[in-house]
Amino acid sequence: MEFTIRPIAKVSNSRSEIQDDYWAEIVSEIELEDNIPAESLDGIETFSHLEIIYIFHKSIGSEPILGSEHPRENKKWPKVGIFVQRKKNRPNHLGSTIVELLRRDGKKLLVKYLDAIDGTPVVDIKPVMREFLPMSGITQPDWSKELMINYWE
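This one's a predicted model, so the numbers in the text were calculated from it and none came from an experiment.

Draft legend 1. Up close: the packing of aromatic side chains. The full count for this structure, using the stated rule, is three aromatic pairs. Judged by centre distance (5.4 Å) and plane angle (80 degrees), the ring pair of Y54 and F56 falls under edge-to-face. Centroid distance Y113 to W152: 5.7 Å. Interplanar angle 80 degrees. Geometry classified as edge-to-face. On the criterion of sequence distance, the pair formed by Y113 in the loop between β7 (108-112) and β8 (121-127) and W152 in the segment after α1 (142-147) is long-range, its members being 39 residues apart. The rings of Y113, Y151 and W152 are connected pair by pair, giving a single aromatic cluster.

Here it is in structure tokens:
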């Protein structure tokens, strides 16, 4: 079974090149496509955070990783499967990030903590509700903590 997914919005920000770290200072604007009405965002400003699902559009055309490899090609970290890391070369090239909503202006959302480059197509926007967050403590291996040290700096 295959699906066709069309963008509902596009990201605009100051980062035009793919880069793994230092996303904290990037503020992004997400603007709905012409065929998506502004009313689709009515009430969104009552939420502090949103989940943005987007396409790693610059990795389309490159071979997706189906097995395992070292995160960021760093041999000091263990080889792990593609579904154990957040790499862009995924089978469906989908990314997902929880962002802070700064404000809404008509068909535009201003957000912080979105790790998507300028021009990134957005395929869905969801409100973050506490009930959908983990009910228990989060555990993760040490290599992933090391990988993330400068990500949100």
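Draft legend 2. Here's a closer look at the pattern of salt bridges. Counted under the stated rule, the structure contains nine salt bridges. With a shortest N-O distance of 3.6 Å, D20 and R72 are connected by a salt bridge. With a gap of 52 residues between them, D20 in the loop between β1 (9-12) and β2 (27-32) and R72 in the loop between β4 (68-69) and β5 (80-81) connect regions that are remote in the sequence. On the basis of relative accessibility, which here comes to 42%, the residue D20 falls in the partly exposed class. Residue D142 pairs with K145 through a salt bridge whose shortest N-O separation is 3.8 Å. Highlighted residues: D142 and K145, both in helix α1, separated by three residues, approximately one helical turn. Taken together, the shared-partner salt bridges connect D20, D21 and R72 into one network.

Draft legend 3. A nonpolar patch on the surface, seen in detail. There is a patch of nonpolar side chains on the surface, built from M1, F3 and I5 and spanning about 460 Å² of accessible area. Mapped onto the fold, I5 is located in the segment before β1.

Draft legend 4. Quick look at the sheet that holds strand β6 (residues 94-105). The six strands are arranged β1-β2-β7-β6-β3-β8 in a closed barrel whose pairing can be described as antiparallel. Strand-to-strand twist of the sheet, defined as the mean angle between neighbouring strand axes without regard to direction, takes the value 45 degrees. Here β1 runs beside β8; their pairing, made up of two bridges, is antiparallel. Across the sheet, A9 pairs through a bridge with V122, a residue of β8.

Draft legend 5. Spotlight on the pairing of β7. Looking at chain direction, β2 and β7 are connected through five bridges and run antiparallel. Across the sheet, residue I30 finds its bridge partner in β7, namely L109. Across five bridges, β6 lies against β7 in antiparallel orientation. In the strand pairing of β7, L101 is matched with V111. What sits between β6 and β7 in their antiparallel hairpin is a turn of two residues, with G106 showing a positive phi close to 65 degrees.

Cut-offs applied
Residues numbered from 1 in each chain as written. Predicted model: local features only at pLDDT ≥ 70, side-chain atom pairs only at ≥ 80, totals over all residues. Heavy atoms only, no water. Phe/Tyr/Trp six-rings, centres within 6.5 Å; stacked < 30°, edge-to-face > 60°. Helix = DSSP H or I, 4+ residues; strand = E, 2+ residues; numbered from the N terminus. Salt bridge = Lys/Arg side-chain N within 4 Å of Asp/Glu carboxyl O. Buried < 20%, exposed > 50% of the residue type's maximum accessible area, 1.4 Å probe, protein only. Patch = residues over 30% accessible without salt bridge, like charges linked within 9 Å, V, L, I, M, F, W, Y side chains within 5 Å. Areas by Shrake-Rupley, 256 points an atom, 1.4 Å probe, with all protein chains shown as cover. Pairing = 2+ DSSP bridges. Axes fitted to C-alpha atoms, helices over the stretch in contact; angles between N-to-C directions.

The analysis is restricted to geometry; functional conclusions fall outside its scope.
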